[in-house]
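# Remarks on the overall topology
Here's the letter readout for the chains.
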Amino acid sequence: MVLATLVPLQAVAFGLVALGAPLVVLTRDPLRQALVNGVYGVSLVLLFVVLEAPDPALSMLVVSGVGYPLVILAAIARVRGHERTKDGDER
Amino acid sequence: MMVLGPGLLGLGSLFAWAMAGLPAFGDYHGPYGFVLNRVVVPLRHTTNVVMGTTFDVRGVDTMGEEFILYAAVVGVTLLLRDETRSKQAERRTRRLPNDTARLVGIAMVGGGLLVGLWLMAFGYITPGGGFQGGVLAAGAILLLYVVGSHRDYRPFRDVHALDPLESLGSGGYVIVGLAALASGTAFLTNLFGLGTTGTLLSGGSIAILNWASAIAVTCAMVLLFAEFLETYVVPLEPEDSGS
């Protein structure tokens, strides 16, 4: 069995993922965090492609690009909507 | 600090110990991957080995996964669906004010649907499949809500049409399995002719199982979006119409 070694492209993809994950955690604004998380998802897609796994890459692409942001954005919209209504009542 | 320091030290050393014991990068010991890589194309005529594995060699696993999704959608529906409230959501007719954004959005709806259908149809020939295509198609449909209005999106919020379709997808998978049982072989045995390798007429039952799961996943996602939209958008209605 030939043992695969980490080629430079794979190292770059791993590096991007390692860089992206803390960025998502360190972003404080939820709306911005949703966007950063999307970019992080794309870096994971890149990693899957580089590791020759196109099927998980496609799944990751649609889940991180479509499904997950919707749930977060919808939740943010609702929370902000409540805050706005509250502000309006106070005024 | 007194607890955190030693705790981090302990966790760090255990983590380093675990990392040192991991197999080297790319070191694969499981025999099944190598067996499947050799066996699936000659035996099942599907050029995408992943699909040959998930819908045939491990077909029962995929059926379980499909029911996990089904159960998740049923859970969300039970939690969020409120029949009395669904009529109120019709009020919003405001559209995106920017024409360019709407035009690009509409192009993306068409493009997304097309790519989604392509992923579904060619799932067992090239990378893709029912799940990926289904989520993408559902996402394209959701984009219609973003660029259009509630009125444009209404057909896709009709849960009474979506519920049976979702069940048809999930149930269709089981029916294909039971058809094999009825014809005297084991559950989910590949029944139909295997066809020519590399064409849409290959893989036998895999093609039908793939379409069943594509329908199930698309409807599941559209149902989820519909339930979420109703829950999140409706409370904002009075404010939107007032401004």
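Residues numbered from 1 in each chain as written. Chains lettered and ligands numbered in written order. Predicted model: local features only at pLDDT ≥ 70, side-chain atom pairs only at ≥ 80, totals over all residues.

## Regarding the overall build of chain A
Along the backbone of chain A there are three helices and zero strands. When the elements of chain A are put in sequence order from the N terminus, they spell out α-α-α. Across chain A, every contact between residues at least 6 apart in sequence was considered, and the portion connecting residues at least 24 apart equals 48%. (Helix = DSSP H or I, 4+ residues; strand = E, 2+ residues; numbered from the N terminus. Contact = placed C-beta atoms within 7 Å.)

## Side note on the overall build of chain B
Counting its secondary structure elements, chain B contains 10 helices and zero strands. Listed N to C, the secondary structure of chain B is α-α-α-α-α-α-α-α-α-α in terms of helices and strands. Put simply, chain B has 243 residues, and 34% of those count as buried. (Buried ≥ 20, exposed ≤ 12 C-beta atoms within 10 Å, placed from the backbone.)

## Points about helix α5 (residues 99-121) of chain B
In this model α5(B) runs 33 Å from its N-terminal to its C-terminal C-alpha over 23 residues, within 8% of the 33 Å that 1.5 Å per residue would give. Buried within α5(B) are the following residues: B:Val109, B:Gly112, B:Gly116, B:Leu119 and B:Met120. (Expected span 1.5 Å × (residues − 1).)

## Section: the packing of helix α2 (residues 31-44) of chain B against helix α3 (residues 49-57) of chain B
Residue and element names in this part refer to chain B. Running from N to C, α2 and α3 point in directions that differ by 75°, and their axes come no closer than 9 Å. On the basis of their axis angle, the class for α2 and α3 is roughly perpendicular. Residue-level contacts link Leu36, Asn37, Val40, Val41 and Arg44 of α2 to Val49, Gly52, Thr53, Asp56 and Val57 of α3. Split by residue class, the contact of α2 with α3 holds five nonpolar, three polar and two charged. (Axes fitted to C-alpha atoms, helices over the stretch in contact; angles between N-to-C directions. Parallel < 35°, antiparallel > 145°, perpendicular 65-115°, else oblique. Nonpolar A, V, L, I, M, F, W, Y, C, P; charged D, E, K, R; others polar.)

## Points about the environment of B:Gly169
All names here are of chain B. You can see Gly169 is positioned in helix α8 (residues 159-182). Taking the C-alpha atoms as reference points, Gly169 and Thr77, 92 residues apart in sequence, are found 17 Å from one another. Those residues in contact with Gly169 that sit more than four places away from it in its chain are Ala212, Ser213, Ile215, Ala216 and Cys219.

## A closer look at the environment of B:Ala107
Inspection of the secondary structure puts B:Ala107 in helix α5. The sequence separation of B:Ala107 and B:Ala140 amounts to 33 residues, and the corresponding C-alpha distance is 9.9 Å.

## Regarding the nonpolar core
By size, the foremost hydrophobic cluster in this structure holds 46 residues, and its most contacted members are B:Ala220, B:Val222 and B:Phe225. Elements that contribute at least two residues to this core include exactly α3 (54-90) of chain A together with α3, α4 (59-80), α5, α6 (130-147), α8 and α9 (205-233) of chain B. Dropping the residues within four chain positions of it, B:Val222 is found in contact with B:Ala138, B:Ile141, B:Phe156 and B:Leu162. (Core = buried A, V, L, I, M, F, W, Y, C linked by C-beta atoms within 7 Å.)

## Focus on unusual backbone geometry
In this model, A:Glu52 sits at a positive phi of 60°, which is unusual for a non-glycine residue. A:Glu52 sits in the exposed class, given 9 other C-beta atoms within 10 Å. Within the chain, B:His45 stands out as a residue other than glycine whose phi angle is a positive 65°. Summarising the element assignment, B:His45 is placed in the loop between α2 and α3.

## Considerations on the environment of B:Gly193
All names here are of chain B. Secondary-structure assignment places Gly193 in the loop between α8 and α9. What makes Gly193 exposed here is the crowd of 11 C-beta atoms within 10 Å. For the pair Gly193 and Gly204, spaced 11 residues apart in the sequence, the C-alpha separation amounts to 5.2 Å.

## With respect to the confidence of the model for chain B
Residue and element names in this part refer to chain B. On average, residues of chain B carry a pLDDT of 83, and 89% of them reach 70 or more. The spread of mean pLDDT over the elements of chain B runs between helix α10 (residues 237-242), the lowest at 46, and helix α1 (residues 4-20), the highest at 94. At the level of chain-chain contacts, confidence expressed as ipTM amounts to 0.72, with global pTM at 0.80. (pLDDT = per-residue confidence, 0-100.)

## Brief notes about the packing of α5(B) against α6(B)
Residues and elements named next belong to chain B. The contact between α5 and α6 brings their axes to 8 Å, and the two run at 165°. In this view, α5 runs roughly antiparallel relative to α6, as classed from their interaxial angle. In the packing of α5 onto α6, the handedness of the crossing is left-handed. The residues of α6 that touch α5, namely those facing Arg102, Gly105, Ile106, Met108, Val109, Gly112, Leu113, Val115, Gly116, Leu117, Leu119 and Met120, are Gly130, Gln132, Gly133, Gly134, Leu136, Ala137, Gly139, Ala140, Leu143, Leu144, Val146 and Val147. Its residues assigned to classes, the contact of α5 with α6 comprises 15 nonpolar, eight polar and one charged. (Left-handed = near helix turned anticlockwise from the far one by under 90°.)

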